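Residue-level structure breakdown
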Amino acid sequence: VQLQASGGGLVQDGGSLRLSCVASGRAFSSYTMGWFRQAPGKEREFVAAIKWGGQILYEDSVKGRFTISRDNAKNTVYLQMNSLKSEDTANYYCAADSRIISSQMRNAVRYAYWGQGTLVTVSS
């Protein structure tokens, strides 16, 4: 599986962006898809994930502002980000794996496939 993330950019505080991640290969619908981010000097952290059955999990700081969704017909997962804050500035990565159970959704080491990062910069 190859993942291609896009949609990052520069946005002002309070603005919105939508990230996309297109997956190549078969059986996309059976994969758990996740978004992670890494800010300069910080460790990679979980943002959101969606299982093949539709179960969704968010990191607490993005709840109510970010929405993860998937379009299995397009092999694409999205991350709609609203009310962006300066602390959301980071490289955002999409990840995929077919073997993740619910309790593992926020654990980066459980994802076998990763896309390149797309940079989100929020200016205050």
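Everything numeric in this text was worked out from a predicted model, so none of it was measured. Numbering of residues begins from 1 in every chain and follows the order in which that chain's sequence is written. Restriction of local features to residues with pLDDT of at least 70 applies here, the model being predicted, together with a cutoff of 80 or more for giving and counting side-chain atom pairs; totals for whole chains, interfaces and linings are based on all residues. Note: side-chain values were computed over all heavy atoms of the structure, leaving out hydrogens and water.

To continue, consider the overall build of the chain. Summing up its helical and strand segments, the chain has zero helices and 11 strands in all. Each helix corresponds to a stretch of at least 4 residues labelled H or I by DSSP, and each strand to a stretch of at least 2 residues labelled E; elements are numbered beginning at the N terminus. Sequence-ordered secondary structure for the chain, helices as α and strands as β, is β-β-β-β-β-β-β-β-β-β-β. Based on C-alpha atoms, the radius of gyration is set beside the globule rule, defined as 2.2 Å times the residue count to the power 0.38. Taking 124 residues into account, the globule formula puts the C-alpha radius of gyration at 14 Å, and the chain, at 13 Å, falls close to it. For the chain, the spread of C-alpha atoms along the principal axes amounts to about 40 × 25 × 25 Å. Each of the 124 residues in the chain was classed as buried or not, and the buried ones make up 44%. Of the contacts made within the chain by residues no fewer than 6 positions apart, 59% connect residues no fewer than 24 positions apart. By element, 46% of the accessible surface of the chain is carried by carbon and sulfur atoms, the whole surface being about 6400 Å². When charges are tallied, Lys and Arg are placed among the positive residues and Asp and Glu among the negative ones, while His and the ends of the chain are skipped. Charged side chains are reduced to one point each, which is NZ for Lys, CZ for Arg, CG for Asp and CD for Glu. Across the chain, the centroid of the 14 positively charged side chains sits 8 Å from that of the 9 negatively charged ones. Residue burial is assigned from relative accessible area. The probe radius is 1.4 Å, only protein chains are included, and a residue is buried under 20% of its type maximum, exposed over 50%, and partly exposed in between. Working rule for contacts: check all heavy atoms of both residues, and any pair within 4.5 Å makes them a contact. Where accessible areas are quoted, they stem from the Shrake-Rupley method and a 1.4 Å probe; at the residue level, only the protein chains shown are allowed to cover.

A word on the environment of S83. Note on placement: S83 falls in the loop between β8 (76-81) and β9 (90-97). A C-alpha to C-alpha distance of 20 Å links S83 and G34, two positions 49 residues apart in sequence. Excluding anything up to four places from it in sequence, S83 contacts G14, G15, S16, R65 and D88.

Before going further, it helps to spend a moment on the side chain of T118. Following the sequence through the fold, T118 ends up in strand β11 (residues 118-123). Here T118 falls in the buried class, since its relative accessible area comes to 9%. A polar contact of 3.0 Å, which involves the side chain of T118, links it to the backbone nitrogen of G8. Those residues in contact with T118 that lie beyond four places of it in its chain are A5, S6, G7, G8, L19, A90, N91 and Y92. Pairing of N or O atoms within 3.5 Å defines a polar contact, subject to two protein rules: one partner must be a possible hydrogen donor and the other a possible acceptor, and residues neighboring in sequence count only if both atoms are side-chain atoms.

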